[in-house]
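Working through the structure, step by step
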Amino acid sequence: MRILEHMGSEAIGWFSSFVLVLTIANQVYKQWRSGTSQGVSKWLFVGQITASTGFTLYSLMVRNWVFVVTNALMLLSALVGIVIVMKHRRAERRASRRGPVSAGSSPVRA
């Protein structure tokens, strides 16, 4: 009976991990696909990287594999997220330096 309880709790943990990681991955994908990170703070990802690193180490220390995997994947998503924010911000800075391009004119000079 104890084994069945343990298997049930593991299944709940893995399912919950799957839902969380899928949700965050979908959000990061939408951010990448939209081509903008407007309104997204890089500090969100800095905090997530810090917390996920600590939680991954803690989970390894207590040997909780559901949380090791979950937190490692959350760390990966935060790293991808901050890279996307940095790329979007760099592209926005470049575009603002070039200035607006008026309709009908080519940005390339002959």
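Look up a bit, the structure's there.
Residues numbered from 1 in each chain as written. Predicted model: local features only at pLDDT ≥ 70, side-chain atom pairs only at ≥ 80, totals over all residues. Heavy atoms only, no water.

**Examining the overall build of the chain**
- Counting secondary structure elements, the chain contains three helices and zero strands.
- Secondary structure of the chain in N-to-C order comes out as α-α-α.
- Across the 110 residues of the chain, 22% fall into the buried class.
- Considering only contacts within the chain whose residues lie at least 6 apart along the sequence, 76% involve residues at least 24 apart. (Helix = DSSP H or I, 4+ residues; strand = E, 2+ residues; numbered from the N terminus. Buried < 20%, exposed > 50% of the residue type's maximum accessible area, 1.4 Å probe, protein only. Contact = heavy atoms within 4.5 Å.)

**Quick word on the environment of Thr53**
- In this fold, Thr53 is placed in helix H2 (residues 42-61).
- A residue is classified by how much of its surface remains accessible, and Thr53, at 32% relative accessible area, is partly exposed.
- For the pair Thr53 and Met74, spaced 21 residues apart in sequence, the C-alpha separation works out to 9.0 Å.

**Some points on helix H3 (residues 65-98)**
- Helix length check: H3 (34 residues) gives 50 Å between terminal C-alpha atoms against 50 Å at 1.5 Å per residue, within 8%.
- Between the side-chain oxygen at the start of H3 and the backbone nitrogen of Val66 there is a gap of 3.3 Å, and the oxygen is on Asn64.
- The positive-phi residue at the C-terminal boundary of H3 is Gly99, with phi of around 80°. (Expected span 1.5 Å × (residues − 1). Polar contact = N/O pair within 3.5 Å; in protein donor to acceptor, adjacent residues only side chain to side chain.)

**Concerning the packing of H2 against H3**
- Relative to each other, H2 and H3 sit at 160°, their axes nearing to 8 Å. In terms of orientation, H2 lies roughly antiparallel with respect to H3. H2 and H3 meet at a crossing whose hand is left-handed.
- A class-by-class count of the residues in the contact of H2 with H3 yields 15 nonpolar, eight polar and two charged. (Axes fitted to C-alpha atoms, helices over the stretch in contact; angles between N-to-C directions. Parallel < 35°, antiparallel > 145°, perpendicular 65-115°, else oblique. Left-handed = near helix turned anticlockwise from the far one by under 90°. Nonpolar A, V, L, I, M, F, W, Y, C, P; charged D, E, K, R; others polar.)

Keep in mind that these numbers describe shape and distance, not what the molecule does.
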